[in-house]
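Fold and contact review
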Amino acid sequence: MIDTSIVPADESSIAEAARLIRIGKLVAFPTETVYGLGADATQEDAVARIFAAKGRPHFNPLIVHVPNVTTARRYGVLNDRAEAVAAAFWPGALTLVVPRATDSGLSHLVSAGLDTVALRVPDHPIGHALLKAAERPIAAPSANRSGAVSPTTARHVFQSLPTAADGGPTLILDDGPCRVGLESTVVDCTTDTVTLLRPGGVTAEDIANIVGSLTEGDDRTSSPRSPGMLESHYAPTTPLRLDANTAEDGAVLIGFGPAVSCRLNLSPTGDLIEAAANLFALLHTADAEGHTCIAVMPIPDHGLGRAINDRLRRAAHR
Ligand code: TXA
Ligand code: MG
């Protein structure tokens, strides 16, 4: 299959979608909130392709979809509050940000390098069937180009995203319009209090009724003026030097492209999708090694290179 196809969701198209997810392709699928652009959340390069397809100039962490709360516990650590809201609203339009489980096997890029993960159990027969058939956690932001409105029909998805030949979804599972039509509510469950990060399909009042009280967040994950400007983005503790061609004494060089031979190379072939897939893992590695400085070679500023450079600039200017 070369180009994107929109197919009615049925047993055989769901099986095909599951197969595509497992081999690292992108598949758009319906949930009760909006259509999602899905990829295997354990494959770093598949997740990188989501950002490329959306044309996102930033690495915002993505929601990881799972079929039930038992599976959610494999990837995240749910405290008592998280368990309570999960029991009350899953499956449904609620996303929980929780600490990543040790050895979760999840991509680092899916969390934008953070040690937390956003988890959701969607309430949709097709989404659910796909998660069961794929047997993988599925990372999925809304299936639209960055900056465009969220898609509530398969046609919206097709109109908004590039076709498969240009890095878009291989398959779009069509199951008509989404019931809720509004993204999920995102709450932070990493501390003793539950904090609202993004209003959505489940109301703040309903959540407060379950957990006693809900802290209103500063909306920093959803501000339309600054999508992706999440303040809690991962940043290495080691200082960064950008546009470097060599590493000074005590520094380590993170390379890009075939011209250099260095131990840490974002992509020896100069492929930006591969570089995005390796970015957070290499930054973590370099940081943990305890150098005086992390020197990073220039990255071309187009395609995913823009998101990589945005991330590097923020990590360098702290
Ligand atoms: O309804 C929805 O939530 C749809 C469907 C497809 O499930 N998905 C969706 O995903 O809207 P996305 O990527 O467009 O929005 C994810 C939101 C962003 O505001 C992001 O910043 C926040 O969740 N988020 C994800 N991981 C996070 C984390 N580890 N910490 C804080 N916020 C996180
Ligand atoms: Mg969105």
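Treat the numbers as computed from the prediction; the structure is a model and nothing was measured.

Rules used in this analysis
Residues numbered from 1 in each chain as written. Chains lettered and ligands numbered in written order. Predicted model: local features only at pLDDT ≥ 70, side-chain atom pairs only at ≥ 80, totals over all residues. Heavy atoms only, no water. Helix = DSSP H or I, 4+ residues; strand = E, 2+ residues; numbered from the N terminus. Buried < 20%, exposed > 50% of the residue type's maximum accessible area, 1.4 Å probe, protein only. Pairing = 2+ DSSP bridges.

Some thoughts on unusual backbone geometry
Following Trp 90, the chain continues into Pro 91 via a peptide bond in cis, with omega recorded as -5°. Assignment of secondary structure puts Pro 91 in the loop between helix H4 (80-89) and strand E5 (94-99). Despite not being glycine, Asp 103 has its phi angle at roughly 55°, a positive value. Residue placement: Asp 103 occurs in the loop between E5 and strand E6 (116-120). Looking at Asp 103, the relative accessible area reads 77%, which means it is exposed. The phi dihedral of Asp 243 is positive, around 50°, even though this residue is not glycine. Within the secondary structure, Asp 243 is located in the loop between strand E12 (240-241) and strand E13 (251-255). Under the relative-accessibility criterion, Asp 243 is labelled exposed at 57%.

Describing the pairing of strand E8 (residues 171-174)
The pairing of strand E1 (residues 5-8) with E8 spans four bridges and is classified as parallel. The residue of E8 that forms the bridge with Val 7 is Leu 173. Direction of pairing for strand E2 (residues 27-29) relative to E8: parallel, over a ladder of two bridges. When the bridges of E8 are listed, Ala 28 appears paired with Ile 172.

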